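Chains, contacts and geometry: an overview
Spelled out from the first residue to the last, the chains are:
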Amino acid sequence: QVQLVESGGGLVQAGGSLRLSCAASRSIFSMNAMGWYRQAPGKQRELVAHITMGGSTNYADSVKGRFTISRDNAKNTVYLQMNSLKAEDTAVYYCNAAGLLPGTVYWGQGTQVTVSS
């Protein structure tokens, strides 16, 4: 089992920045990949950004050029730097980890991000 704890959410004005953190209870080297998802009210959960064990990243089109995913292996932490925030970025953001075994997936409890226009 892996526990994921997100932090860093909050209320910010449009155009502002936030950095989300996801701390894992054990080494993220044991994860095949980690990512951030978000879910806005009335909408399905969607992938925001993803980083593999090898360091490859991918982003949703809606956040490309504004968000950056990174990781600190020594701290077992993955980050999501969010710049130029828009009202449509308002959602609960969830950290996700995919284990090495197929079908092994872990989720954090989520952190609320609210962007006021």
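In this report, the structure presented in the accompanying data block is examined. This one's a predicted model, so the numbers in the text were calculated from it and none came from an experiment.

So, how was this worked out
- Residues numbered from 1 in each chain as written.
- Predicted model: local features only at pLDDT ≥ 70, side-chain atom pairs only at ≥ 80, totals over all residues.
- Heavy atoms only, no water.
- Core = buried A, V, L, I, M, F, W, Y, C linked by side-chain atoms within 4.5 Å.
- Buried < 20%, exposed > 50% of the residue type's maximum accessible area, 1.4 Å probe, protein only.
- Helix = DSSP H or I, 4+ residues; strand = E, 2+ residues; numbered from the N terminus.
- Disulfide = S-S within 2.5 Å.
- Pairing = 2+ DSSP bridges.
- Axes fitted to C-alpha atoms, helices over the stretch in contact; angles between N-to-C directions.
- Patch = residues over 30% accessible without salt bridge, like charges linked within 9 Å, V, L, I, M, F, W, Y side chains within 5 Å.
- Areas by Shrake-Rupley, 256 points an atom, 1.4 Å probe, with all protein chains shown as cover.
- Salt bridge = Lys/Arg side-chain N within 4 Å of Asp/Glu carboxyl O.

**Overview of the nonpolar core**
- Counting residues in hydrophobic clusters, the biggest one holds 31 residues, and the most contacted among them are L4, M34, W36, L80, M82 and Y93.
- Counting residues per element, the ones that place at least two in this core are β3 (18-24), β4 (31-39), β5 (46-52), β7 (67-72), β8 (77-82), β9 (91-99) and β11 (111-116).

**What to know about the state of the cysteines**
- By the definition in use, this model includes one disulfide.
- One disulfide bridge connects C22 with C95, the sulfur atoms lying 2.0 Å from each other. Taking the torsion about the sulfur-sulfur bond, which here is approximately -80°, the covalent link between C22 and C95 counts as left-handed. With a gap of 73 residues between them, C22 in strand β3 and C95 in strand β9 connect regions that are remote in the sequence. Like C22, the residue C95 is buried in the burial classification.

**Thoughts on the sheet that holds strand β1 (residues 4-7)**
- Read across the open sheet, the four strands follow the order β1-β3-β8-β7; overall the sheet is antiparallel. Edge positions in the sheet fall to β1 and β7, since each has one partner strand and no second. Neighbouring strand axes in the sheet, compared pairwise and without regard to direction, differ in orientation by 15° on average.
- Relative to β8, β7 is paired through six bridges, and the arrangement is antiparallel. Pairing of T68 across the sheet is with Q81, part of β8.

**With respect to unusual backbone geometry**
- Backbone geometry at N76 places phi at a positive 50°, although glycine is not the residue there.
- Of note, N76 is situated in the loop between β7 and β8.
- The phi dihedral of S84 is positive, around 50°, even though this residue is not glycine.
- As for its placement among the helices and strands, S84 is situated in the loop between β8 and β9.

**With respect to a nonpolar patch on the surface**
- Taken together, F29, M53 and L100 make up a surface patch of nonpolar side chains, about 310 Å² in accessible area.
- Examined against the element boundaries, M53 turns out to sit in the loop between β5 and β6 (57-59).

**Re the pairing of β8**
- Burial of β8 is extensive: five of the six residues sit out of reach of the surface.
- Bridge count for β3 against β8 is six bridges, and the pairing is antiparallel. Residue pairing across strands places L18 opposite M82, the latter belonging to β8.
- What sits between the antiparallel neighbours β7 and β8 is a turn of four residues, in which N76 has the positive phi angle 50°.

The values reported here are purely geometric and, on their own, carry no functional implication.
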